[in-house]
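Listed below are the residues making up each chain.
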Amino acid sequence: MAKKTSDDPLAPVTIAVGQEGLLLDRAVADVVTAARAADADTDVRELTPDTLAPGTLAELVSPSLFAERKVVVVRDAQDLSADTVKDVKPYLAAPVEGITLVLLHAGGAKGKALLDAARKSGSREVACPKMTKPADRLAFVRAEFRTAGRSVTSEACQTLVDAIGSDLRELACACAQLAADVDGTIDEAVVARYYTGRAEATGFEVADLAVTGRATEALERLRWALAVGQPLPGITFALASGVRAIGKLATAPRGARTGDLAREFGMPPWKIDRVRQQMRGWTGDGVAVALRAVAEADAAVKGASADPAYALEKAVVIIARVAQSR
Amino acid sequence: MAVWDDLVGQGPVVEQLSAAARDADAFVTAAAAAHAEESVGHASRAAASKMTHAWLFTGPPGSGRSTAARAFAAALQCVNPDRTLGATPGCGFCDGCHTTLVGTHADVEVVATDQLSIGVKDTRDLVRRSSLSPSGGRWQVIVLEDADRLTEGAGNVLLKAVEEPAPRTVWLLCAPSLEDVLPTIRSRCRHLNLRTPPVEAVADVLVRRDGIEPELAAAVARATQGHIGRARRLATDERARSRRATVLRLPLQLGDIGGCLRAAQSLVDSATEDAKQVAEESDAKETEELRAALGAAPGGSSRMPRGTAGAMKDLADRQKRRATRTQRDTLDLALVDLAGFYRDVLAVQLGTSAPVANAEVRDVIDRLASSCRPENTLRRIEAILACREALASNVAPLLAVEAMTMALRGG
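All residue numbers refer to position in the chain's written sequence, counted from 1. All chains are assigned letters beginning with A, and all ligands numbers beginning with 1, in the order in which they are written. At least 70 in pLDDT is required for a residue's local features to be given in this predicted model, at least 80 for side-chain atom pairs to be given and counted, and no such filter applies to totals for whole chains, interfaces and linings, which use all residues. Water and hydrogen atoms were dropped before computing side-chain values, which therefore reflect all heavy atoms in the structure.

Enquirer: Which residues make up the nonpolar core, and what values do they have?
Expert: In terms of nonpolar packing, the biggest core is built from 83 residues, with L239, W282 and I319 of chain A together with F341 and Y342 of chain B touching the most fellow members. Setting aside residues up to four positions removed in sequence, W282 of chain A forms contacts with V211, V243, I246, V287, A290, I319, V322, A323 and R326 of chain A. The set of buried Ala, Val, Leu, Ile, Met, Phe, Trp, Tyr and Cys residues whose side-chain atoms join them within 4.5 Å is what this entry labels a nonpolar core. The cut-offs for exposure are 20% and 50% of the maximum accessible area for each residue type, with area from a 1.4 Å probe on protein chains only; residues under the lower value are buried, those over the upper are exposed, and the others partly exposed. Throughout, a residue-residue contact means that at least one pair of heavy atoms, one from each residue, lies within 4.5 Å.

Printed below as a string of structure tokens:
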């Protein structure tokens with residue numbers, strides 16, 4: 001969820017930093033709602049870099065005859081031209097009363113000077129980062145229901161995230177819809193009535209399941225990956241790197257430290273730990289058999305076979321079988 | 001017979017080609033004479049002429065397909081005055097021969113690609129070119145060095161042009177084997193098969209032509225099993241020798257799974273490194289030249305003029321395809337070396353009298369030969385060949401090579 005450094009939405013300057021559209025919109029909506037609550041006649045101006053020429057800002061923030069409250073929203077502030085930034089910076093240091101300026105900035109290196117100036121002048125900052133981790137999305141869904149004042153089971157959250165995928169707007173819509181349509185606790189059965197299936201499945205998930213010997217789940221996930229249109233060479237690549245990692249670690253000295261191994265094999269340390277878990281049940285010959293199966297599947301998805309899906313399934317089954325050969 | 005000198009150990013082919021060149025020369029001379037007497041009308045080709053309009057040179061890599069084609073092209077363009085006294089065309093030092101051999105003759109087009117394939121677009125240009133009359137009044141010669149890299153569509157574009165070319169146009173196609181060319185192209189060409197030159201002949205040529213020490217020449221000729229180009233490269237290029245030595249040590253590193261993976265990784269890495277080197281030599285320069293040609297200010301960061309992004313992207317795509325090809329070629333060379341190594345192991349195991357090609361690793365060969373059975377060695381050779389096929393069909397290089405090293409370990 002958006003983290004707030006200062007909770008007053010009517011701070012003279014607010015910067016919303018990040019690339020998650022939904023959170024940026026919410027940051028703007030928060031400010032606008034607060035401003036309207038304070039003064040129903042608040043004037044809201046939305047500006048983009050191409051409509052904000054040097055001088056426009058000064059014009060907008062100059063005192064009006066009727067002393068009305070104004071909210072000025074600048075989208076894509078990182079794309080502002082250098083001349084405009086020269087205009088905006090002094091204003092940040094000396095904001096005008098009754099005006100609330102909201103800068104939406106993507107973060108990153110582009111237009112960083114403006115961001116730094118805003119931070120230095122003590123603006124209120126709202127973080128709106130893209131959510132990349134599945135756990136973050138789960139937390140988001142839970143928070144959505146909490147905001148709506150509804151109780152929800154964790155299985156229900158998981159099912160919802162599985163079925164909808166990583167688009168935060170879609171997730172928020174689904175949460176709102178469920179909260180509006182259903183009475184009582186939202187549990188798995190309720191979610192399953194409206195949302196089924198799996199919106200996203202990657203080759204790496206298939207590989208992780210296969211190398212731990214869970215053939216059924218791996219096949220199911222593979223079918224989902226094919227159904228959502230994952231590119232087939234990507235799946236064979238994931239399978240190959242899964243098996244390869246096991247092959248590399250299997251012959252590493254037993255007592256070696258995780259950090260050293262990570263450096264040697266070029267993998268992050270958490271990956272080393274995970275591969276160590278997956279390694280149980282594997283033998284050296286198993287790695288050989290599995291890698292050759294993946295190589296065959298790779299040839300098949302690149303045109304050597306009429307049915308690449310079958311070739312992939314065969315490779316997954318072989319991997320899952322040799323994963324339990326010990 | 002100077003232009004034929006570089007064709008090593010191909011007696012019958014040289015005979016056939018020089019006979020054809022003689023008849024072709026007779027035809028040109030007769031036509032010129034007829035023209036001089038102003039007797040209008042086409043001089044028809046003699047029924048018994050050994051010349052024809054389309055030739056297909058096949059033979060294993062290193063047998064000198066393209067050398068043969070160029071030599072023949074030179075012989076066709078030969079303007080040595082001795083011809084009237086009965087000398088065979090192809091002297092090697094007249095204007096026609098010389099310019100053809102150095103690649104500047106106006107009527108000889110040599111098509112060699114550094115890409116993965118030759119597409120329809122390039123081939124159409126070639127067909128247009130083939131319908132031009134020769135500017136020198138002799139023959140319009142088109143040498144297609146990589147006929148095996150023609151895509152199916154490109155082959156079909158060629159069909160008509162190869163079947164009935166303009167009166168003075170000659171097509172010379174080169175391919176490793178008949179199967180590499182469309183049957184429809186094949187049937188329109190006269191076929192010439194070159195053989196693998198004997199090891200002694202290759203060594204002899206290296207000594208005579210390139211001035212290489214006889215001992216080294218004999219060693220590299222044996223190591224490359226009659227591939228002249230590679231033998232010369234090995235003899236002259238230190239890096240090629242060291243890479244080969246690395247490849248030949250590979251069978252010793254296949255003790256465990258980790259060793260197999262590492263060996264595969266290093267093989268692929270060195271191939272990638274090679275491709276990168278080639279790219280560094282030419283890519284940046286090409287890009288800068290194209291930018292200049294398109295009117296961008298010098299220096300990497302300036303904006304390109306409107307409408308030139310397509311051309312830049314075309315160039316980038318072409319460079320990428322060339323990098324893929326370089327990587328594949330390097331890997332393929334390594335695999336051929338490796339196959340040669342196991343061939344030696346097999347020869348020792350079966351107790352044949354065939355000489356060992358990789359004499360410098362004789363001890364390893366003997367050790368491996370005594371530690372496994374001929375069946376295992378055969379299976380290993382098969383795994384190497386399967387890997388070459390997999391690479392050709394675009395399997396991820398690292399994966400294909402890993403599968404191979406695993407198979408080599410298993411036997």
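Enquirer: Describe in detail the packing of aromatic side chains, supporting the description with residues and values.
Expert: All names here are of chain A. Note on aromatic pairs: the rings of Phe, Tyr and Trp (six-membered ring only in Trp) are paired at centre separations within 6.5 Å, and the planes decide the class, stacked below 30 degrees, edge-to-face beyond 60, tilted for the rest. One pass over the full model with this rule turns up four aromatic pairs over all chains. Arranged with centres 6.5 Å apart and planes meeting at 85°, the rings of F204 and F237 form a pair that is edge-to-face. With a gap of 33 residues between them, F204 in helix 9 (residues 203-211) and F237 in helix 11 (residues 232-250) connect regions that are remote in the sequence. Residue F204 is classed as partly exposed on the basis of its relative accessible area of 46%. A helix here means a DSSP run of H or I that spans at least four residues, while a strand means a run of E at least two residues long, and both kinds are numbered starting from the N terminus.

Enquirer: Outline a negative patch on the surface, listing residues and values.
Expert: A cluster of like negative charges, contributed by D269, E273, E280 and E281 of chain B, occupies part of the molecular surface. With respect to the helices, strands and loops of the structure, E280 of chain B is situated in helix 11 (residues 257-294). A patch consists of residues exposed above 30% relative accessible area that lack any salt bridge, with like charges linked at up to 9 Å and nonpolar side chains (Val, Leu, Ile, Met, Phe, Trp, Tyr) linked at up to 5 Å. Each accessible area is a Shrake-Rupley result for a 1.4 Å probe, and residues are judged covered by the shown protein chains and nothing else. We count a salt bridge whenever a side-chain nitrogen from Lys or Arg sits within 4 Å of a carboxyl oxygen from Asp or Glu. By the counting scheme adopted, Arg and Lys are positive, Glu and Asp are negative, and His together with the chain ends is not counted. Charge positions are represented by NZ for Lys, CZ for Arg, CG for Asp and CD for Glu.

Enquirer: How would you explain the interface of chain B and chain A if you had to name every residue and give the values?
Expert: Of the residues lining the interface, 16 residues belong to chain B; the matching set on chain A comes to 16 residues. By convention, the term buried area covers the 1.4 Å-probe accessible surface removed from two parts as they join, with the contributions of both added. With both chains or domains summed, chain B and chain A bury close to 1400 Å², and 67% of this area falls on carbon and sulfur atoms. The tally of links from chain B across to chain A stands at two salt bridges. R244 of chain A is the salt-bridge partner of E402 of chain B, the closest N and O atoms lying 2.6 Å from each other. Polar contacts, as counted here, are pairs of nitrogen or oxygen atoms within 3.5 Å of one another; within protein the pair requires one atom able to donate a hydrogen and one able to accept it, and residues that are adjacent in sequence qualify only if both atoms are side-chain atoms. If you look at where chain B meets chain A, you find five residue pairs in polar contact (both at pLDDT 80 or more). Secondary-structure elements contributing two or more residues to the side of chain B that touches chain A are helix 11 and helix 15 (397-410) of chain B. Here the element with the most residues in the side of chain B that touches chain A is helix 15 of chain B; it accounts for seven residues.

Enquirer: Tell me about helix 3 (residues 95-102) of chain B, and name the residues and values.
Expert: All names here are of chain B. Within the sequence span of helix 3, burial applies to G96, C97 and T100. Buried residues of helix 3, seen end-on, are gathered within an arc of 95° and therefore sit on one face of the element. In helix 3, the exposed positions angled more than 90 degrees off the buried face are occupied by D95 and V102. A positive backbone phi angle near 85° is found at G103, which sits one or two residues after helix 3. Comment: arc refers to directions from the helix axis out to C-beta atoms.

Enquirer: Before we move on, could you go through the environment of D332 of chain B and cite the residues and values that matter?
Expert: Here D332 of chain B shows up in helix 12 (residues 309-349). When the C-alpha positions of D332 of chain B and A271 of chain B are compared, they lie 9.4 Å apart, and in sequence the two are 61 residues distant.

Enquirer: Can you tell me about the sheet that holds strand 2 (residues 108-111) of chain B, naming the residues and giving the values?
Expert: Residues and elements named next belong to chain B. The parallel open sheet is built from five strands, whose spatial order is 2-3-4-1-5. Two strands in the sheet have a free side with no partner beyond their single neighbour: strand 2 and strand 5 (190-193). Each neighbouring strand pair of the sheet contributes to a mean axis angle of 15°, computed without reference to strand direction. We treat two strands as partners when DSSP finds at least two bridges between them. Two elements, strand 2 and strand 3 (residues 140-144), share four bridges in a ladder whose sense is parallel. Bridge assignment links V110 to a residue of strand 3, and that residue is V143. Together, strand 1 (54-58), strand 2, strand 3 and strand 4 (169-175) form the strand contacts of helix 2 (residues 65-77), whose direction differs from that of strand 4 by roughly 165°. Where helices are involved, their axes are fitted lines through C-alpha atoms of the stretch in contact, as for all axes, and angles between N-to-C directions lie from 0 to 180°.

Enquirer: Can you break down the packing of helix 4 (residues 120-130) of chain B against helix 5 (residues 152-163) of chain B residue by residue, with the values?
Expert: All names here are of chain B. In the contact formed by helix 4 and helix 5, the axes pass within 8 Å of each other and the chain directions differ by 10°. Judged by the inter-axis angle, helix 4 sits roughly parallel to helix 5. Between helix 4 and helix 5, the residues in contact are V120, T123, R124, V127 and S130 and G153, A154, V157, L158 and A161, respectively. Amino acids outside the nonpolar list (Ala, Val, Leu, Ile, Met, Phe, Trp, Tyr, Cys, Pro) and the charged list (Asp, Glu, Lys, Arg) are all regarded as polar, and Gly is one of them. Split into classes, the residues belonging to the contact of helix 4 with helix 5 amount to six nonpolar, three polar and one charged. Roughly parallel here means an angle under 35 degrees, roughly antiparallel means over 145, roughly perpendicular means 65 to 115, and every remaining angle is called oblique.

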